[in-house]
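What follows is the residue order along each chain.
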Amino acid sequence: MLKLSRYVLYDILRSRVIITYTLFLFIVSMSLFQLEENDSKAILSLLNIVLIVVPLIGMIFTTIHYYNSYEFIELMLSQPLSRTRILMSEYGGVALSLLSAFFIGVGVPVLLFAFDETGLALLFTGGALTLVFTSIAFLASVKARDKARGIGAALLLWFYFALIFDGLVLLILFAFSDYPMEKFTLVLSALNPIDLGRIFIMLKMDISALMGYTGALYKDFFGSNTGILFTGGIMLLWIVLPLWWALKVFRRKDL
Amino acid sequence: MIRIENLSKRFKKLQALDDINAFFSTGQVVSLIGPNGSGKTTLIKSILGMVKADSGIIYVDGKKINGDPSYRGRIGYMPQIGRYPDNMRVGQLFRMLKNIRKVPDAALDTDLLVKFNLASIFDKPMRTLSGGTRQKVSAALAFYFNPEILILDEPTAGLDPLSSEILKEKIMQEKRKNKLILITSHILSDLDELTTHVMYLQEGKMIFLKDIETLRKETGQEKLGKAIAHVMKGGKKEALWIDEVLALKETDKND
Amino acid sequence: MRVYLGIVFLLFMTTGHSRTIIAGQGQAIASLKKAVGLAKDGDTILLKNGTYREGNVLITRSITLIGEANTILDGENKHELLTISGRNITIKKIQLQNAGYSALNDFAAIKIIDAFAITLESNTILNSYFAIHVSNTTYCTIRNNTISGNPSTEQLTGNGIHLWKSSHALIENNHIQGHRDGIYFEFVTESVIQKNLSEKNIRYGLHFMFSHNDHYLGNTFKNNGAGVAVMYSKNVRMEQNHFEENWGPSAYGILLKEITDSHISNNTFLKNTVGIYMEGSSRMEIQKNAFRNNGWALKVQASCDDNNFFNNNFHGNSFDVATNGTMVLNKFYNNYWDKYEGYDINKDGIGDIPYHPVSMYAMIVEQNPNTLILMRSFMVSLLDKAEKAIPSLTPENLLDDKPVMKPNKL
């Protein structure tokens, strides 16, 4: 598996997109820390990068990479390699390169300038979201018939998770404001990995405000060991399930 | 060596393969012929596991091909249009596949590599190669691992006459080693000297699979093309393409 | 006049025929009760090391009671320990523990009633219902004491330092934890509370009612159930205090209710759910405070008027200001807001466009607290941006029209 991933990685590095992405993240993060008066404001801007840019680039990059590697995949298919292994190698190569880009581009500046709980939570979330959206993008690519549809699907999914979902949550919360919605919002948050990551960071960044929430439910839940396991577990599910589904589709696909 | 039982495959409206039954054994050179869209490539891809059949079973060496991909280690495949990762260099491509198949250097067949003088372009990226050169690379790769089964999809299309001749010689040579060779082609003259068996497909149906001697006897025709034409004429409605091929043959003769 | 008389009286007593009575286990006078019975005005009782279980001891004469390193009065969970009523009485270096609980009486480790010029210094009070209970007393000094309760429920725990109907008190350098309210003032005037640390109390770190003309400075109130409450008072000065990590649905750095003509300056509010919550308060000067990492730096209810917020710094708060109405009768100016995105073309250090500290999302959360789960989401920031472009929900005249570009020097 690693052997194949190595070739995938090599191919990705050759295209230089990933290097540009790393540089972009690094320059933005560094300049945020340099320009802003206080680090908390820089962290706030980084939060938006982690929650919005990382999933978007992850999705688009993965989808384009998948279609660009079609030949490679075809070639590998005629070799004594299982389809699972081929797709997992692709996933490994893409995920590893995106993760490295994130950890070099954002991780290094954060460790230099904001090495605290919030910073670490940010890195954890960024890493997890990279893996999640790589998985989702693989699913979209494997299911879509051609490149245009694949990228379209990836963009739509990103738009849904980054914006539309929260809009729906807001609508639901106002529509049912007369009912006790605390537990329900908890469930809702698990349905969107971006929200889950955001709440995880909020617990460090906005702990004071969260404590003001009636019964401090979120803090009690997400702050407890159960909550951390829950967050980690759901994130893991968000990584594994789309990938597993993608594998299932890929194994039955005609190429 | 390869046994196909009740193989069917449907792509949306197109019945690509319709209840195919066949048996190929060592020492045979089987010509898969039929008009465009008759299912030749689908059949080949099914054997390679790239297309998943709707029903039916394929055995290679007595084993079902679903599951363990190791049987592909014994197949050399030359695709109709060789597509390779753009950024990969020719030399890397050979090294990578060697790495994947884990074949010791001594067991490699570098015959075509030498004859096509591919070593001279080892550091050229795949994307810079012409269609013909790509075909040479594909051919060299198919024979590289000295496989027991060779599957060649339109092997001489796009090759210059000299290279085409080299390839044909190579096929003859392998035939003498008692290998199973499956070739699709619609230029019948190319196959004349090589073929031991003919499998004729039309609209996904196998019209016949016969050895060349039987065919000659039945039709009284020496030349393969004429023999087939005879079968067709004697049989049902005449396929236009046979006429085309025969016309080609006639002009060949007249030259 | 009373003060003057008192001091003269004190001088007379000490320069007169004062004795030191050494009492305690192994001494001729073995019990505290006996020593107190023998002591005359101006005497000093030195109580030797040991644990004394003598129930309630009443002190009425002007004496000084001093303990050693391990002088312990134990109430066995049923008695009030020291009851003091008189003038010029000092209690020093005694450890008082296990004072009893009573549903009818406010039992305390040290209770002071109708007294004058009392000093409690360097005592340790553990596991009592009320620790120090003062009523109707003038010139009381409570200094360097360590008070630690065993917090259970709000009903079963009394206050750490409780003052009622007193004046001219000085509460200084005490460490209070684990009580209902750390420091409780009701009808206490002309008093100073300074440099105390009040933490981990069940309800308020400081609870303050009907107490005018008081001054509290340099205290730290940390991690109390509900922070600090200051109510129904006027002319209060609050300076250089730290309000930290007062977390909870109804926890505030300071809760101000019906406070008028008071000053809040140079305080630090760090990581509180709400930095300052104000209702029904008027004519307050709130200046030079630092608000950092609070959930809400300020919650100003519409019932407040004529208050001035200036020269404060706001950093990293989830919400800067929230309010429940659209009428705004308070002024904000020259504050530093880290969320300000304006510019300063003429380089005078003051932003050229006003800052609106109440965001659209803050209004939404006020209406529907569940939406707090959407904080920092892309959608919320879009909403806020849209609202900034076309204000509709947020109070239009709640603004800082002279926001400073760089943090104020505090």
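Nothing here was measured: the structure is a model prediction, and the numbers come from that model.

Undergrad: What is the right way to read the overall build of chain C from this model?
TA: The helix and strand tally for chain C stands at 4 helices and 39 strands. Seen along its three principal axes, the alpha-carbon backbone of chain C occupies a region of about 85 × 45 × 30 Å. When burial is assessed residue by residue, chain C has 48% of its 410 residues classed as buried. Restricting the contact set of chain C to residue pairs at least 6 apart, pairs at least 24 apart contribute 47%.

Undergrad: Sorry if this is basic, but what is going on with the interface of chain C and chain A here?
TA: The partner chain A presents 33 residues to the 28 residues of chain C that form the contact. In terms of residue class, the side of chain C that touches chain A is built from 12 nonpolar, 13 polar and 3 charged.

Undergrad: Sorry, what's going on with the arrangement of the chains here?
TA: Of all 2 pairs of chains sharing an interface, the pair with the highest contact count is chains A and C. Between chain B and chain C there is no contact; the minimum C-alpha to C-alpha separation amounts to 38 Å.

Undergrad: Could you clarify how one ought to interpret the sheet that holds strand β7 (residues 149–153) of chain B in this entry?
TA: Across a sheet, paired strands are connected by hydrogen bonds in the backbone, their directions being either parallel or antiparallel. All names here are of chain B. Within the open sheet, the 6 strands sit side by side as β6-β7-β8-β3-β9-β10. Their pairing is mixed. The sheet is open, and its two borders are formed by β6 (75–78) and β10 (205–211), each paired with just one other strand. Going from strand to strand, the sheet's axes swing by 15° on average, the running direction of each strand aside. Along the sheet face, helix α7 (residues 212–219) touches β9 (197–202) and β10 and points at about 95° away from the line of β10.

Undergrad: What am I meant to see in the interface of chain B and chain A here?
TA: Many analyses report the size of an interface as the accessible area lost when the parts associate. Counting from both sides, the interface comprises 18 residues of chain B and, opposite them, 19 residues of chain A. It is helix α2 (residues 90–101) of chain B that provides the largest number of residues to the side of chain B that touches chain A, a total of 5 residues. Split by residue class, the side of chain B that touches chain A holds 10 nonpolar, 4 polar and 4 charged.

Undergrad: Where do I start with unusual backbone geometry in this structure?
TA: Most of the time, phi is negative for any residue but glycine, and the peptide bond is trans. Residues and elements named next belong to chain B. Phi angles above zero are rare outside glycine, and Lys12 is one such case at about 45°. Locating Lys12 in the fold gives a position in the loop between β1 (2–11) and β2 (14–24). Unusually for a residue other than glycine, Asn178 sits at a positive phi of about 65°. With respect to the helices and strands, Asn178 occurs in the loop between α5 (161–176) and β8 (180–184). Using a count of 11 C-beta atoms within 10 Å as the deciding quantity, one classes Asn178 as exposed.

Undergrad: Where do I start with the nonpolar core in this structure?
TA: Side chains of a nonpolar character, in soluble globular proteins, are inclined to be buried together. Counting 253 residues, the largest nonpolar core has Ala140(B), Ile151(B) and Ile110(C) as the members making the most contacts within it. Ignoring any residue separated from it by four or fewer positions in sequence, one finds Ile110(C) in contact with Leu81(C), Leu82(C), Ile84(C), Ile91(C), Leu96(C), Leu120(C) and Ile132(C).

Undergrad: Looking at this structure, how should I read the pairing of strand β22 (residues 206–209) of chain C?
TA: For a regular strand, side chains alternate in direction, first toward one face of the sheet and then toward the other. Residues and elements named next belong to chain C. As paired elements, strand β19 (residues 183–189) and β22 share 4 bridges and run parallel to each other. Opposite Tyr184, over in β22, you have His207 as the bridge partner. Taken together, the 4 bridges between β22 and strand β25 (residues 227–234) define a ladder with parallel strand orientation. Bridge pairing in β25 links Met209 to Met231.

Undergrad: Explanation requested: helix α5 (residues 83–113) of chain A in the structure shown.
TA: Because an α-helix completes one turn every 3.6 residues, residues spaced three or four positions apart along the sequence face the same direction. Taking 1.5 Å as the rise per residue, α5(A) with 31 residues should run 45 Å; its terminal C-alpha atoms sit 44 Å apart, in good agreement. The largest bend along α5(A) reaches roughly 35° and is located at Gly107(A), with the proline Pro109(A) sitting one to four residues downstream.

Conventions and cut-offs
Per-chain numbering applies: the sequence of each chain, read as written, is numbered from 1 onward. Chain A is the first chain written and ligand 1 is the first ligand written, with later ones labelled in order. The predicted nature of this model means local features are confined to residues of pLDDT at least 70 and side-chain atom pairs, given and counted, to a pLDDT of 80 or more, with totals for whole chains, interfaces and linings taken over all residues. Working definition: helices are DSSP H or I runs of at least four residues, strands are E runs of at least two. Numbering for both runs from the N terminus. Exposure classes come from backbone-placed C-beta atoms, where a residue is buried if 20 or more other C-beta atoms lie within 10 Å of its own, exposed if 12 or fewer do, and partly exposed in between. It is the C-beta atoms, placed from the backbone, that decide contacts: two residues are in contact if theirs lie within 7 Å. Here the nonpolar group is Ala, Val, Leu, Ile, Met, Phe, Trp, Tyr, Cys and Pro; Asp, Glu, Lys and Arg are the charged ones; every other residue, Gly included, is treated as polar. For two strands to be treated as a pair, DSSP must find no fewer than two bridges joining them. Axis lines are fitted through C-alpha atoms, for helices just across the contact stretch, and the angle between N-to-C directions can take any value from 0 to 180 degrees. Core membership is restricted to buried Ala, Val, Leu, Ile, Met, Phe, Trp, Tyr and Cys residues, and these are joined into a nonpolar core through C-beta atoms within 7 Å. Working rule for helices: expected span equals 1.5 Å times residues minus one. To get the bend at a residue, fit one axis to the 7 residues ending there and another to the 7 starting there, then take the angle between the axes.

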